Amino acid sequence: MTRDIQITFDSADPGALAEFWAEALGYQLQPPPDGFASWEEALRTFGVPEDQWNSRSAILPLEGTGPRVFFQRVPEGKTAKNRVHLDVRVAVGQTGDERMATLETEAARLEALGATRAYRVEPDGRMELGFITLHDPEGNEFCLD
C-alpha cells in the first residue's frame, strides 16, 4: 500500500524557512483553518501564546500532488551534514550546457532568496549529468538536479 509522506525540517525560524522552500519548490504556505482569515487570528482564538506562533509552519503544493513539507522549531542549531537531502529537479531531460545553464539560472534565483552555494559538479559525459549543491538559509544541503 502506498502511503502519503510529509517531509519535516527542524528549524530555528519555521516561518522564514517555510517561505524560502515555498518559493524554491513552487509550493504555497498552508492556509489557516476554515473560518479564519489568518494564522494569527486562528492562533489567538486557540489561545496559543504569541511567543509560540512561529513554532511551526507548513507548505503544500500549489496544484497536483506532492508531499506536505513541515517546519518545526527546535532549540539546537544544525551541527553536521544532512544524512538525507532534497534534490530539486529543475533540469529533467536536459544535458550538457543546456542543463548546466538551467541549473545556474535556478541557483541564482534561490541565492537571491537566501540560499548559499556549496559546489558545482560538471557533467562527465558518462554517468554524471551535473548538479549544483546549495544550502538553504539555515544551512540544510540540497541539490539542483
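Residues numbered from 1 in each chain as written. Predicted model: local features only at pLDDT ≥ 70, side-chain atom pairs only at ≥ 80, totals over all residues. Heavy atoms only, no water.

### Side note on helix H3 (residues 96-112)
Phase 1 of the analysis: Its 17 residues give H3 an end-to-end C-alpha distance of 25 Å, which sits within 8% of 24 Å, the value for a rise of 1.5 Å per residue.
Phase 2 of the analysis: Residues of H3 that are buried include every one of Arg99, Met100, Leu103, Glu106, Ala107 and Leu110, and no others. The buried residues of H3 all sit within an arc of 130 degrees when viewed along its axis, so they share a single face. Residues of H3 that are exposed and angled more than 90 degrees away from the buried face: Asp97, Thr105 and Ala112.
Phase 3 of the analysis: For H3, the secondary structure elements touched by its buried residues are helix H1 (14-25), strand S6 (116-121), strand S7 (131-135) and strand S8 (141-144).
Phase 4 of the analysis: Looking one or two residues beyond H3, the residue adopting positive phi is Gly114, at roughly 120 degrees. (Helix = DSSP H or I, 4+ residues; strand = E, 2+ residues; numbered from the N terminus. Expected span 1.5 Å × (residues − 1). Buried < 20%, exposed > 50% of the residue type's maximum accessible area, 1.4 Å probe, protein only. Arc of directions from axis to C-beta. Contact = heavy atoms within 4.5 Å.)

### Considering the packing of aromatic side chains
Phase 1 of the analysis: This model, assessed by the stated rule, comprises seven aromatic pairs.
Phase 2 of the analysis: Residues Phe20 and Trp21 carry aromatic rings whose centres are separated by 5.4 Å and whose planes lie at 90 degrees to one another, so their mutual orientation is edge-to-face. Each of the two residues, Phe20 as well as Trp21, counts as buried.
Phase 3 of the analysis: Where Trp21 meets Phe142, the ring centres are 4.8 Å apart and the plane angle is 65 degrees; that geometry is what we call edge-to-face. Placement of Trp21 in helix H1 and of Phe142 in strand S8 is noted, with a sequence separation of 121 residues between them. By the burial criterion, Trp21 is buried, and Phe142 matches it.
Phase 4 of the analysis: In this structure an aromatic cluster arises from ring pairing among Phe9, Phe20, Trp21, Phe71 and Phe142. (Phe/Tyr/Trp six-rings, centres within 6.5 Å; stacked < 30°, edge-to-face > 60°.)

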